[in-house]
Amino acid sequence: MDQYSTFDLIPIFARAAGTTLIVASSSILFAFVIGLLAGIALFYKVPVLKPVIYAYVEFFRNTPSLIQAYFIFYGLPKVSVQFDSHTCSIIVLSLLGGAYMCEAIHSGLKAIPNNQLELAKAMGLSRLHTTVHLLIPQSISTSIAAINNNSIFLTKEVSAMKIILLPEIVYQAFAIISLRTDLTLPVAVMTIASYLAILLPMTYLLSLAERKIRFAEFGA
Amino acid sequence: MRNLGLDFIATAFPRLLDGFVIAVQIAGVSFLLSIAFGFVLGVLMTLKNRWLSVVLRVCLEAFRLIHPVIWLFILFYGLAYAFDTPTNGYTISIIVFTLWGSFEIGDLVRGYLTSLPRHQFESSMAVGLTRRQMYVHVLLPQIIIRTLPSVVNLATRLIKTTSLVSLIGVQEMLKVSQSIIQVAYYNNPTSMISFTMYLVLLIFYFIICFPLSLLARYMEKKAASLTTGT
């Protein structure tokens with residue numbers, strides 16, 4: 001570590017950014033799936049599931065992600081449920097994001113006019129077909145902006161997973177600074193550069209996706 | 001029962017409450033300050049000055065794209081490193097949350113101000129209101145009604161984010177509970193305290209934040225019915 005120069009920081013940060021990217025993208029994916037399923041279940045008012053999902057969404061929305069992570073990483077092993085820090089971060093972020101995604105997708109579903117559902121019924125579409133061909137595409141298209149915001153939020157939230165020892169960007173930055181205080185400035189620059197390298201293309205891709213998806217919106 | 005460490009939590013409960021008070025102080029002070037600064041920033045963002053709006057836009061995006069935990073660390077260690085003086089975690093967290101909240105509220109206010117129909121500005125001018133009167137009597141009441149739900153939402157986000165300040169050594173609830181956990185382990189290595197303690201904390205935060213988010217939702221409905229037909 002002693003002879004490390006500014007230049008040697010680049011591979012370290014590249015690897016850390018890779019970790020952030022992997023954890024972020026997998027939790028966005030899982031969060032989306034959780035949100036979609038939970039949103040549809042809420043929409044159909046499935047008897048037992050509805051209060052459970054409601055409790056889940058409100059619980060995760062109204063507690064700090066930091067403490068959720070501590071609870072799952074340090075608390076659950078006491079009742080013999082143990083995860084490594086990668087899995088644990090993905091679990092925390094997926095559940096957290098799932099709660100937000102559920103909210104977004106549910107409001108997208110509620111915005112669908114009732115006569116469409118009646119029409120689908122009149123045309124003899126089964127519930128599965130109605131869901132797959134009518135509800136899901138439209139709800140995604142109306143809530144895509146919120147979904148994108150949540151994805152960015154989750155990507156940023158990966159940095160809070162530093163506390164459960166996930167070797168992501170902020171974790172590495174502080175590991176280096178604690179050994180070499182003279183590298184503070186380059187480390188700070190590299191931290192911000194790595195975040196920009198992830199977030200700028202991501203925001204671009206997401207807004208591109210938003211335009212593509214909303215292109216087919218009914219009556220737009 | 002002993003293994004759950006509930007007795008430790010009960011004994012240390014006053015200390016937890018102290019931590020709670022600190023968290024509420026940080027959230028409360030920065031919340032009030034961000035409302036004050038946020039309205040000013042929001043009005044500044046609508047002005048037609050190109051440089052000002054570019055600078056404010058960059059600051060807003062910086063606070064949006066960079067997680068508060070990074071800002072806390074940058075200011076906490078950065079200021080100490082740059083000026084060679086020890087920094088106070090409590091002050092730094094208030095500064096960070098105030099800046100963050102001000103830009104968030106500023107953007108809400110800007111968004112609403114720009115969405116107001118032009119005739120409101122013109123009508124106020126036509127009835128002979130001065131610029132100040134227009135802002136105070138015409139625009140401000142509408143902005144308050146419309147932005148209140150999001151502002152309450154911001155309050156819950158601020159309260160949730162205060163758990164981060166434990167990372168820069170402020171003795172709030174999370175930090176206190178970590179020391180409770182350490183003491184409990186020291187006395188009883190097989191204790192399950194980290195399970196119960198964090199669960200208690202989660203419930204604690206939930207009890208504070210859940211009513212606030214219900215309030216925000218109620219206000220949203222109310223505001224929508226109060227200001228129909230912008």
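Now for a description of the structure that goes with this document. (Residues numbered from 1 in each chain as written. Chains lettered and ligands numbered in written order. Predicted model: local features only at pLDDT ≥ 70, side-chain atom pairs only at ≥ 80, totals over all residues. Heavy atoms only, no water.)

1. A few points about a nonpolar patch on the surface
On the surface, a nonpolar cluster with roughly 300 Å² of combined accessible area is contributed by Ile192(A), Leu196(A), Leu200(A) and Ile74(B). For the nonpolar patch, the element with the most residues is helix H8 (residues 184-215) of chain A, which contributes 3 residues. Along the chain, the position of Leu200(A) falls in helix H8. (Patch = residues over 30% accessible without salt bridge, like charges linked within 9 Å, V, L, I, M, F, W, Y side chains within 5 Å. Areas by Shrake-Rupley, 256 points an atom, 1.4 Å probe, with all protein chains shown as cover. Salt bridge = Lys/Arg side-chain N within 4 Å of Asp/Glu carboxyl O. Helix = DSSP H or I, 4+ residues; strand = E, 2+ residues; numbered from the N terminus.)

2. Brief notes about the interface of chain B and chain A
Many descriptions give the size of an interface as the accessible area lost when the pieces come together. Of the residues lining the interface, 33 residues belong to chain B; the matching set on chain A comes to 34 residues. Between chain B and chain A lies a buried interface of about 3,000 Å² when both sides are counted; carbon and sulfur atoms form 74% of it. Inspection of the chain B/chain A interface yields 1 salt bridge. Notably, a salt bridge pairs Arg217(B) with Glu58(A), separated by 2.9 Å at the nearest N-O pair. For the side of chain B that touches chain A, the class distribution of residues is 23 nonpolar, 7 polar and 3 charged. (Contact = heavy atoms within 4.5 Å. Buried area = accessible area lost by both parts, 1.4 Å probe. Nonpolar A, V, L, I, M, F, W, Y, C, P; charged D, E, K, R; others polar.)

3. Things to note about empty space enclosed by the protein
All names here are of chain B. All chains considered together, the criterion is met by 1 cavity of 30 Å³ or more. Considered as a void within the structure, the largest cavity measures approximately 50 Å³ in volume. Taken together, Phe20, Ala23, Val24, Ala27, Ile159, Thr162, Met173, Tyr205 and Ile208 make up the lining of the largest cavity. Contributions of two or more residues to the lining of the largest cavity are made by helix H2 (13-46) and helix H9 (193-226). With 4 residues, the single largest contributor to the lining of the largest cavity is H2. Each residue belonging to the lining of the largest cavity can be placed in one class, and the counts come to 8 nonpolar, 1 polar and no charged. (1 Å grid on protein atoms, 1.4 Å probe; cavity = no way out; pocket = protein on both sides within 12 Å on 5 of 7 lines; lining within 4 Å. Points joined across faces, edges and corners; volume = space filled by probe spheres on them.)

4. Some thoughts on the pattern of salt bridges
Scanning all chains against the criterion turns up 9 salt bridges over all chains. Here Asp182(A) and Arg180(A) are joined by a salt bridge, their closest N and O atoms 3.0 Å apart. Using a relative accessible area of 48% as the deciding quantity, one classes Asp182(A) as partly exposed. You can call Arg180(A) buried: its relative accessible area is 12%. Salt-bridge contacts for Glu61(B) lead to Arg57(B); the nearest nitrogen and oxygen are separated by 2.9 Å. Note that Glu61(B) and Arg57(B) are positioned in helix H3 (residues 50-65) at a spacing of 4 residues, about one turn of the helix. (Buried < 20%, exposed > 50% of the residue type's maximum accessible area, 1.4 Å probe, protein only.)

5. Focus on the environment of Leu79(B)
Relative to the assigned elements, Leu79(B) resides in helix H4 (residues 68-83). Apart from residues lying up to four places away in sequence, Leu79(B) is in contact with Ile74(B), Asp84(B), Thr87(B) and Ile92(B).

6. Describing the nonpolar core
Core analysis: the biggest nonpolar cluster contains 118 residues, and Phe13(A), Met161(A), Val187(A), Ile180(B), Ile193(B) and Tyr198(B) have the highest contact counts within it. Those residues in contact with Phe13(A) that lie beyond four places of it in its chain are Ile169(A), Ala173(A), Ile176(A), Val187(A), Met190(A), Thr191(A) and Ser194(A). Grouped together as the second largest cluster of nonpolar side chains are 9 residues, Ala41(A), Ile53(A), Phe60(A) and Ala99(A) included. (Core = buried A, V, L, I, M, F, W, Y, C linked by side-chain atoms within 4.5 Å.)

7. Some remarks on the packing of helix H4 (residues 85-110) of chain A against helix H6 (residues 127-157) of chain A
All names here are of chain A. Where H4 contacts H6, the two axes come as close as 8 Å, and the packing angle between them is 150 degrees. In terms of orientation, H4 and H6 fall into the roughly antiparallel class. With respect to the hand of their crossing, H4 and H6 are arranged in right-handed fashion. Residues Leu93, Leu96, Gly97, Tyr100, Met101, Ala104, Ile105, Gly108 and Leu109 of H4 pack against Leu135, Ser139, Thr142, Ser143, Ala146, Ile147, Asn150, Ser151, Phe153, Leu154 and Glu157 of H6. (Axes fitted to C-alpha atoms, helices over the stretch in contact; angles between N-to-C directions. Parallel < 35°, antiparallel > 145°, perpendicular 65-115°, else oblique. Left-handed = near helix turned anticlockwise from the far one by under 90°.)

8. Let's talk about the packing of aromatic side chains
What the rule picks out here adds up to 19 aromatic pairs over all chains. Measuring from centroid to centroid gives 5.5 Å for Phe63(B) and Phe103(B), while their planes differ by 15 degrees, and the two rings are stacked. One end of the pair, Phe63(B), is in helix H3; the other, Phe103(B), is in helix H5 (residues 89-115), and 40 residues separate them in sequence. When sorted by exposure, Phe63(B) lands in the same class as Phe103(B), which is buried. Measuring from centroid to centroid gives 4.9 Å for Phe206(B) and Phe210(B), while their planes differ by 10 degrees, and the two rings are stacked. One end of the pair, Phe206(B), and the other, Phe210(B), are both in helix H9, 4 residues apart, so they sit about a helical turn from each other. Site record: aromatic cluster; members linked through ring pairs are Tyr56(A), Phe59(A), Phe60(A), Phe206(B) and Phe210(B). Over the face of the ring belonging to Tyr44(A) we find Arg127(A), whose NZ or CZ atom lies 4.4 Å from the ring centre. (Phe/Tyr/Trp six-rings, centres within 6.5 Å; stacked < 30°, edge-to-face > 60°. Lys NZ or Arg CZ within 6 Å of the ring centre and 35° of its normal.)

In short, shape yes, function no, at least from these values alone.
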